[in-house]
Every structure is written in C-alpha cells, then in structure tokens.
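Structural overview for review
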Amino acid sequence: MPKTVFITGTSTGIGAATVRLFAQHGWQVAATMRNPADAKFDDLPNVRVYALDVTDADAAPRAIEQAHADFGGLDVLINNAGYGLVGPFEMATDEQIQQQFSTNVFGVFAVTRAALPIFREQKSGVIINITSVGGRTAFPMNSLYHATKFGLDGFSESLWYELAPFGIQVKVVAPGGVATDFATRSLKMTIDPANDADPYAPQVRSVLAAFGERGGAASTPEQIAEVIYTAATDGTSQLRYIAGEDAQRILGAKAQMSEADFAAMIQQNFGV
Ligand SMILES: NC(=O)c1ccc[n+]([C@@H]2O[C@H](COP(=O)([O-])OP(=O)(O)OC[C@H]3O[C@@H](n4cnc5c(N)ncnc54)[C@H](OP(=O)(O)O)[C@@H]3O)[C@@H](O)[C@H]2O)c1
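The residue Phe109 is located in helix 3 (residues 94–122) in this model. Taking relative accessible area as the criterion, Phe109 reaches 30% and is therefore assigned partly exposed. Once the C-alpha coordinates of Phe109 and Val54 are considered, the two residues, 55 residues apart in sequence, prove to be 9.3 Å apart.

The structure is reproduced here in structure tokens:
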C-alpha cells in the first residue's frame, strides 16, 4: 500500500515541488490549495487536489478526513502554506497581523489538530512544519513574520515531546532563501517603501535592497523538497532540518559569535 502525504499551500513554490517529488517516489499525495484551479499536477495520477484555505479552521478537518477516506490512509502532514509580511511593526494594521498569524500559525494549528486523532490512533505519523531560517534568527523589518516562524519552531519543539509516546514524529524544515513567489506575488508590506513621508521608509528600502543584492534565493524549491522528503522518510527523531547553504552559514555564524557581534554584523549587512 503506497503511503499518503497531505500538503498545504501547493499552488506554487516549495509546496508544488514537494507534491511532485513525493508523487515521483510513488506516494499518494493530497495536494491542497486555496484555489484548486491553480493546480498543475494533471501529469501525476497519484495526486488529488483539495480546496483548503488554512485560515478556514472548519475546512481543515473536512480536507483531512476527505483525503484520509479517498486514499485509505494518512502517513505524513506537511504544513507548508505561509507568506511573509514585511515592514515596520508600528505601521502594520490589525488585519495584516491577524492574517499573518491566521495563515502561518493558526492555520498550522488547525490542520495539525485535524490530523492528530488519525496519527494517534494508528500510533504513527510524521508532522513537518515548514518554518524558516527566520524561525531561528531575525532580520530587520520582518518582526511579524519572525514572530510566526519562531512561534512555530517552539510549538514544534514542544510537540516533539508530547507526541513521541504516540509514535508521532514532529519535524521542522527551516529553509533560507528559496526562488519561489515568496518575495514577489506572495509578499505583503506594512508600508509603501517609496513613500518618503513614512519615517521607516529608508530602513525598509535598505533592507529590501540587501535581500535583493544577496539574490535572496540560495536554493531552488526542488532542493528544499528533497530535504522535506528526507525528513519524512529518514525514520529518525531529528527535529530540525536547516535547508540551504545560506541558512546553515548564518545559523553557524550565530552559534559562534557573541550576540553583540552578530547584531553588529546584521546591522552592517542590512544598512540599518
Ligand atoms: N521562499 C523563501 O525564501 C522561504 C524561506 C523560508 C521559508 N519559506 C516558507 O516556505 C513556505 C512556502 O513558501 P514558498 O517559498 O513556496 O512561497 P510561495 O511560492 O509564495 O508559496 C506559498 C504558498 O502558500 C499558499 N498560501 C498562502 N496563504 C494561504 C492560505 N491562507 N491557505 C492556503 N494556502 C495559502 C500560497 O497559495 P496561493 O497561491 O493561494 O497564494 C502558495 O501556494 C512558507 O511557509 C514560507 O514562509 C520560504
């Protein structure tokens, strides 16, 4: 019996690449997305597409139960859906903050809670939360995004203990920059960086320029999908997978440097 994986946010980027990789390895894939018309998996017979906006808490159990019934099993859950909210915290609207947490955090809670009874009863399952290098270290002008990804990292670490007695593995895949729609179509801003009347605009421009100069994308989504596949199948209790040479380099530097030296380096790199 082939194994089944349930993945959120699969219209583009890491989610879409992960659907393809698992399907190529013979898995049954429940590919979920806000708008199923965006799916590009017609060439993959073992992929079924389900509508799921992760901010709709009622929809999460429905999608999990449907996929579980259709495929006759559920082995791995990948919480991938998410986006970045960039810009000064002070200028973020309540709605922007709510939406950022509803997607990146509460969405993960809803889908995970829907899968847990199945995993617990079968005494097996793997939950993989896609966080970010930004769940382990922070860059300027990304405070709310970091709040969500640091939150997911801590959530996952605690769940690791809670679910181990039930045979359920919890894992975090933390990518660095990846060439996806993350920094273009999906990115939301709390201010218009071109608005010179905004007191934070010069800082935001400087940070965006620094991300741009570094290319912002050391990895392809296919490379991150490989790390996710390893996390799903290696059978170990490893919690964190730092994905991408850039992510490993910056976290390696943080581990070796003093807090003050690391902060000074970040300020210099981002011109803030
Ligand atoms: N790219 C990077 O540099 C990078 C680095 C570290 C971590 N990550 C993380 O990787 C994950 C995937 O991002 P990506 O790089 O692949 O970017 P992406 O190409 O923009 O993909 C993001 C996916 O999330 C979906 N999504 C957004 N809000 C959703 C919602 N409410 N319900 C369901 N799906 C929703 C998008 O769907 P729509 O098509 O409907 O918008 C899209 O499928 C995110 O969690 C992101 O934080 C990315």
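The structure having been displayed, the exposition proceeds.
Residue alternation in strand 9 (residues 240–243) divides its side chains into a buried set, Tyr241 and Ala243, and an unburied set, Arg240 and Ile242. Two elements, strand 7 (residues 168–175) and strand 9, share four bridges in a ladder whose sense is parallel. Note that in strand 9 the partner of Ala174 across the bridge is Ile242.

Among the 29 residues in the neighbourhood of the ligand, the closest are listed as Ser11, Arg34, Tyr145, Thr180 and Ser186. Between the ligand and Arg34 there is a distance of 2.7 Å, counted from an oxygen atom to a side-chain nitrogen or oxygen. Look at the ligand: alone it shows 890 Å² of surface, and the protein chains cover 95% of it. At the level of elements, helix 1 (13–24) and helix 4 (143–163) are the ones that each hand at least two residues to the shell around the ligand. Residue classes in the shell around the ligand are distributed as nine nonpolar, 15 polar and five charged.

What follows concerns the sheet that holds strand 1 (residues 4–7). Picture the strands of a sheet paired through backbone hydrogen bonds; they go either parallel or antiparallel. Strands sit in the order 3-2-1-4-6-7-9 across an open sheet of seven strands; the sheet is parallel. Edge positions in the sheet fall to strand 3 (47–51) and strand 9, since each of these pairs with one other strand and no more. Neighbouring strand axes in the sheet, compared pairwise and without regard to direction, differ in orientation by 20° on average. The sheet contact formed by strand 2 (residues 28–33) and strand 3 spans five bridges and is parallel. Each residue of the ladder has a partner; that of Thr32, found in strand 3, is Tyr50. The strands touched by helix 4 within the sheet are strand 6 (125–130), strand 7 and strand 9, with strand 7 carrying the most contacts at an inclination of about 160°. Running over the sheet, helix 7 (residues 245–256) touches strand 7 and strand 9 and is turned about 115° from strand 9.

On to helix 5 (residues 201–213), then. Between its first and last C-alpha atoms helix 5 spans 18 Å; for 13 residues at 1.5 Å apiece the expected length is 18 Å, and the two agree. By the burial criterion, the buried members of helix 5 are Ala201, Val204, Val207 and Ala210. Among the structural elements, strand 8 (188–189) and helix 8 (259–270) are those in contact with the buried residues of helix 5.

Most of strand 6 sits out of view: six of its six residues are buried. Here strand 6 shows a buried face lined by Gly125, Ile127 and Asn129 and a second buried face lined by Val126, Ile128 and Ile130. Pairing of strand 4 (residues 76–79) with strand 6 involves four bridges; the strand directions are parallel. What sits directly across from Leu77, in strand 6, is Ile127. Here strand 6 runs beside strand 7; their pairing, made up of six bridges, is parallel. Its bridge partner being in strand 7, Asn129 is matched across the sheet by Val172.

Each value, and the rule that gives it
Residues numbered from 1 in each chain as written. Predicted model: local features only at pLDDT ≥ 70, side-chain atom pairs only at ≥ 80, totals over all residues. Heavy atoms only, no water. Helix = DSSP H or I, 4+ residues; strand = E, 2+ residues; numbered from the N terminus. Buried < 20%, exposed > 50% of the residue type's maximum accessible area, 1.4 Å probe, protein only. Pairing = 2+ DSSP bridges. Near = heavy atom within 4 Å. Polar contact = N/O pair within 3.5 Å; in protein donor to acceptor, adjacent residues only side chain to side chain. Areas by Shrake-Rupley, 256 points an atom, 1.4 Å probe, with all protein chains shown as cover. Nonpolar A, V, L, I, M, F, W, Y, C, P; charged D, E, K, R; others polar. Axes fitted to C-alpha atoms, helices over the stretch in contact; angles between N-to-C directions. Contact = heavy atoms within 4.5 Å. Expected span 1.5 Å × (residues − 1).

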